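Residues per chain, in single letters:
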Amino acid sequence: MPDIIQLLPDAVANQIAAGEVIQRPASVVKELVENAIDAGATQITLNIKDAGRTLIQVSDNGCGMSETDARMAFERHATSKIRSANDLFCIRTMGFRGEALASIAAIADVELNTKQHEAEVGVFIHMVGSKVLKQEATQCANGTNFLVKNLFFNVPARRKFLKANSTELKHIINEVQRIALANPEIGLSLIHNQDPIYEMAVGDNIRKRIVSIFGKSINQNLVPVNTETSLVKIKGFIGQPKYARKTYGEQFFFVNNRFMKHPFFHRAIMQAYEKILAPDSYPSYFLYLDVDPECIDINIHPTKTEIKFENETAIWQIIQASVREALGKFNVMPSIDFDQAGSIEIPIAPKSREGIEMPKIQVDPTYNPFNVEVRNYPSGGGGSNSHSYSTSKHEQVQHWEKLYSDFTKSDEDEETQTEVMMQQEEEPANLSVNHDSFNTGRTCFQFKNKFILTPVKSGLMVIDQKRAHERILFENFMAMLAQQQIASQQLLFPHTFELEASDSELLRSVLTDLKALGFDVKEAEANHFVVNGIPGILENHSPLEIIESMLEDLKNTAVDMQEKAREQIAAALACASAIPYGHLLKVEELNQLIDQLFACTTPNFSPTGKQVLTIMPVEQFEKLLK
Ligand code: ADP
Ligand code: MG
């Protein structure tokens with residue numbers, strides 16, 4: 001038998017390799033623009049015809065190439081960016097595989113004009129299907145200009161599988177957006193069939209760049225994020241919950257100026273928004289991580305955008321904490337102008353973050369919120385039919401006014417919690433909240449013992465009283481949990497239950513946290529647990545149901561158990577103890593509820609993500625009565 005194995009000719013090998021690297025016109029755009037960035041370009045122009053089928057032209061003002069380099073650049077595994085395997089562990093350039101130009105030249109008609117800044121003349125190379133058709137000295141501008149025509153001319157299968165021009169153009173635009181956001185300081189223009197699509201200026205900052213891509217209206221939606229730890233630096237912007245959209249799209253992660261997809265980190269953000277987003281909506285985010293290149297592995301696949309991190313779990317937590325902090329610090333809430341004399345202003349995101357700290361909440365360590373004897377509801381003042389809490393169940397329902405005075409009774413300055421929070425944010429002029437004027441001159445009334453109605457500048461605000469109270473209590477419970485242990489109430493008849501092995505493992509891992517929250521749960525024998533005590537306020541709830549629903553929630557959260565468990569309990573506590581519908585409220589109580597709601601970090605949504613308030617615009621009333 002004769003030997004049958006042969007080495008593939010370069011052109012064929014390149015064509016096969018091209019299948020990996022160049023999947024559609026957008027891949028060519030990505031590779032060429034990334035090369036321009038690696039070449040130090042500050043201005044890149046992209047000229048596209050027919051969604052890249054006919055022409056992809058990329059010109060840059062980068063360093064250009066020498067005559068020899070220009071020819072070498074088209075060889076497979078030819079790169080100026082790494083020299084040894086060790087360099088793979090500290091990559092700061094976009095490219096490093098040395099495959100892109102070889103691949104593109106294997107499947108298209110490529111013309112290159114390039115000139116180094118100090119050189120007298122440039123070089124022109126024309127390649128078609130890996131063959132050099134022409135190479136000569138030429139007069140051209142400093143930098144590099146690639147013309148890629150007839151993509152996939154010799155790979156009919158590929159060409160046939162290209163999607164409609166609109167789809168291919170969408171892919172190109174996506175690539176351009178990612179690169180433009182990753183490099184806001186670089187000027188970038190995209191022209192399609194002579195029409196300018198983007199014209200992005202040199203020297204943009206991140207905010208300007210986001211605005212030049214997504215339009216002016218996104219500007220007011222952006223909340224800055226800025227965190228520095230030894231492991232990772234995070235900067236960028238997240239979107240306010242109220243602008244969250246029903247579709248994915250404006251969600252971008254960058255690591256060391258490289259776009260990446262990271263479903264795990266994405267979850268960290270989604271969880272930070274969990275209790276404040278309407279269901280099925282997605283917040284925008286533009287987050288830039290900066291890490292030691294040695295701690296990431298980008299060498300997975302030429303077209304893959306997933307990146308592995310060495311300290312994934314820790315970074316997950318830092319991302320989540322940063323997003324939460326940003327949302328809290330910038331007091332993301334609707335800016336509502338109450339329609340009244342000396343109208344108050346609701347805090348909105350300040351322009352500068354200087355001088356703002358997390359609110360410090362005063363807590364009386366001896367105060368036991370579950371001590372139902374001390375609950376004593378003031379009666380009268382709101383009319384004779386004011387509901388009196390006479391049943392034992394109702395005795396647990398906490399009156400927010402009382403609740404808050406208890407919260408702050410050890411506070412020397414006798415500040416209410418609201419004032420403490422407001423004070424933290426006093427700095428910019430738009431944050432002045434006069435707590436006194438808050439209580440005076442506002443018209444509000446209760447409707448159907450369920451809604452609170454109050455006129456605001458733009459119309460009529462409708463607040464769901466129970467959800468509002470849930471939000472208020474939730475934020476207060478979270479604050480209490482952060483500061484002190486919650487008293488446990490021993491059960492007369494301990495509950496025992498059995499869990500399957502994986503659930504048992506999960507429960508074991510949160511037993512200590514549960515204890516701090518007032519749950520007295522022990523493992524009696526393998527996978528059999530006994531509940532001896534629960535937080536007093538959950539007296540009327542099934543301990544088993546609460547634990548099961550909490551475990552279900554925790555299953556989807558591999559990390560940050562403690563925070564998660566706390567939220568779960570705080571939400572459960574808030575829902576259990578909020579004033580019920582059907583309860584008549586006095587005017588002072590209505591005002592108090594509104595005050596306290598807008599002192600919350602996120603008044604728009606209840607702890608379970610339900611909408612707390614809405615505004616009926618004046619125009620709507622006018623239309624109704626036309
Ligand atoms: P890689 O980017 O992985 O190094 P490429 O095939 O994309 O591989 O490019 C090969 C080489 O050609 C690069 O390493 C670089 O030296 C050079 N090159 C490519 N594009 C440009 C450009 N626009 N300006 C200057 N040099 C370039
Ligand atoms: Mg490259």
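Residues numbered from 1 in each chain as written. Chains lettered and ligands numbered in written order. Predicted model: local features only at pLDDT ≥ 70, side-chain atom pairs only at ≥ 80, totals over all residues. Heavy atoms only, no water.

- Looking at an unreviewed UniProt entry, the protein carries the name DNA mismatch repair protein MutL, with the source organism given as Mangrovibacterium diazotrophicum.
- Within the UniProt record for the protein, the comment given under Sequence similarities (unreviewed entry) is "Belongs to the DNA mismatch repair MutL/HexB family."
- In its Function (unreviewed entry) section, the UniProt entry covering the protein states "This protein is involved in the repair of mismatches in DNA. It is required for dam-dependent methyl-directed DNA mismatch repair. May act as a 'molecular matchmaker', a protein that promotes the formation of a stable complex between two or more DNA-binding proteins in an ATP-dependent manner without itself being part of a final effector complex." (UniProt positions renumbered as here; feature names shortened; annotations may be inferred.)

Here's the deal with the sheet that holds strand β20 (residues 520-525)
Sheets are built from strands that pair by backbone hydrogen bonding, the pairs being arranged parallel or antiparallel.
And then number 1: Read across the open sheet, the three strands follow the order β19-β21-β20; overall the sheet is antiparallel. Where the open sheet ends on each side, the last strands, each with one partner, are β19 (488-498) and β20. The sheet shows a mean angle of 20 degrees between the axes of neighbouring strands, taken without regard to direction. (Pairing = 2+ DSSP bridges. Helix = DSSP H or I, 4+ residues; strand = E, 2+ residues; numbered from the N terminus. Axes fitted to C-alpha atoms, helices over the stretch in contact; angles between N-to-C directions.)

So, the pattern of salt bridges
And then number 1: Enumeration according to the criterion identifies 14 salt bridges in this entry.
And then number 2: Each of Glu505, Arg508 and Glu523 takes part in one network of salt bridges that share partners. (Salt bridge = Lys/Arg side-chain N within 4 Å of Asp/Glu carboxyl O.)

What about the environment of Asp520?
And then number 1: Relative to the helices and strands, Asp520 is located in strand β20.
And then number 2: Exposure remark for Asp520: the relative accessible area of 14% places this residue in the buried category.
And then number 3: Once the C-alpha coordinates of Asp520 and Gln489 are considered, the two residues, 31 residues apart in sequence, prove to be 8.6 Å apart. (Buried < 20%, exposed > 50% of the residue type's maximum accessible area, 1.4 Å probe, protein only.)

Some points on the site of ligand 1
And then number 1: The full set close to ligand 1 counts 20 residues, and Asn35, Thr79, Ser80, Lys81 and Gly98 are the nearest of them.
And then number 2: Interatomic distance of 2.5 Å between a side-chain N/O atom of Ser80 and an oxygen atom of ligand 1.
And then number 3: Taking Lys81, its side chain carries an N or O atom lying 2.7 Å from an oxygen atom of ligand 1.
And then number 4: In isolation ligand 1 offers 530 Å² of accessible surface; the protein chains occlude 93% of this area.
And then number 5: Its residues assigned to classes, the shell around ligand 1 shows nine nonpolar, seven polar and four charged. (Near = heavy atom within 4 Å. Polar contact = N/O pair within 3.5 Å; in protein donor to acceptor, adjacent residues only side chain to side chain. Areas by Shrake-Rupley, 256 points an atom, 1.4 Å probe, with all protein chains shown as cover. Nonpolar A, V, L, I, M, F, W, Y, C, P; charged D, E, K, R; others polar.)

Some details on the packing of helix α8 (residues 263-272) against helix α9 (residues 312-329)
Think of two packed helices as two axes; the pair is described by the angle between the axes and how far apart they sit.
And then number 1: Orientation of α8 relative to α9, taken along the N-to-C sense of each, is 30 degrees, at an axis distance of 9 Å. As the angle between them shows, α8 and α9 are arranged roughly parallel. In the packing of α8 onto α9, the handedness of the crossing is right-handed. Residues Phe264, Phe265, Arg267, Ala268, Ile269, Gln271 and Ala272 of α8 form the contact with α9, whose participating residues are Glu312, Thr313, Ile315, Trp316, Ile319, Gln320, Val323, Arg324 and Leu327.
And then number 2: Class assignment of the residues belonging to the contact of α8 with α9 gives a composition of 10 nonpolar, three polar and three charged. (Parallel < 35°, antiparallel > 145°, perpendicular 65-115°, else oblique. Left-handed = near helix turned anticlockwise from the far one by under 90°. Contact = heavy atoms within 4.5 Å.)

Focus on the pairing of strand β5 (residues 131-138)
And then number 1: In this sheet, β5 lies alongside strand β4 (residues 122-128) in antiparallel orientation, the contact comprising seven bridges. When the sheet's bridge partners are listed, Val128 is paired in β5 with Lys131.
And then number 2: Connecting the antiparallel pair β4 and β5 is a turn made up of two residues, with Gly129 showing a positive phi of about 55 degrees.

Observations concerning the side chain of Ser27
And then number 1: The topology assignment puts Ser27 in helix α2 (residues 25-38).
And then number 2: With a relative accessible area of 11%, Ser27 lands in the buried category.

Structural notes on α9
And then number 1: End to end, α9 covers 25 Å across 18 residues, agreeing with the expected 26 Å (1.5 Å per residue, within 8%).
And then number 2: Taken residue by residue, α9 has Ile315, Trp316, Ile318, Ile319, Gln320, Ser322, Val323, Ala326, Leu327, Gly328 and Lys329 as its buried positions. (Expected span 1.5 Å × (residues − 1).)

As for the sheet that holds strand β22 (residues 613-617)
And then number 1: Taken in spatial order, the four strands of this open sheet run β16-β17-β18-β22, and their pairing is antiparallel. The open sheet is flanked by β16 (445-447) and β22, the only strands paired with a single partner. Across the sheet, the mean angle separating the axes of adjacent strands is 30 degrees when strand polarity is ignored.
And then number 2: Note: β16 against strand β17 (residues 451-456), three bridges, orientation antiparallel.

A look at a nonpolar patch on the surface
And then number 1: Together, Leu8, Val12 and Ile16 make up an exposed nonpolar region whose accessible area comes to about 270 Å².
And then number 2: Among the secondary structure elements, Val12 is positioned in helix α1 (residues 10-21). (Patch = residues over 30% accessible without salt bridge, like charges linked within 9 Å, V, L, I, M, F, W, Y side chains within 5 Å.)

Notes on unusual backbone geometry
Across residues other than glycine, the phi torsion is negative in most instances, and most of the peptide bonds are trans.
And then number 1: Positive phi outside glycine occurs at Phe152, with the angle close to 65 degrees.
And then number 2: Of note, Asn449 is a non-glycine position whose phi angle comes to about 50 degrees, a positive value.
And then number 3: Note on placement: Asn449 falls in the loop between β16 and β17.
And then number 4: For Asn449, a relative accessible area of 26% gives the class partly exposed.

Regarding the packing of aromatic side chains
And then number 1: Tallied over the full model, the rule gives 14 aromatic pairs.
And then number 2: Seen from their ring centres, Phe253 and Phe265 are 6.1 Å apart, and the 70 degrees between their planes marks the pair as edge-to-face. Here the residue Phe253 occupies a position in strand β11 (residues 251-255), and Phe265 occupies one in helix α8, the gap between them amounting to 12 residues.
And then number 3: Judged by relative accessible area, which is 2%, Phe253 ranks as buried.
And then number 4: Seen from their ring centres, Phe265 and Phe309 are 5.0 Å apart, and the 65 degrees between their planes marks the pair as edge-to-face. Pair noted here: Phe265 is in helix α8 and Phe309 is in strand β15 (residues 308-309), with a separation of 44 residues, a long-range link. Taken as a pair, Phe265 and Phe309 share a single burial class, namely buried.
And then number 5: Here the aromatic cluster, defined as three or more aromatic residues joined through ring pairs, consists of Phe214, Phe252, Phe254, Phe259, Phe286 and Tyr288. (Phe/Tyr/Trp six-rings, centres within 6.5 Å; stacked < 30°, edge-to-face > 60°.)

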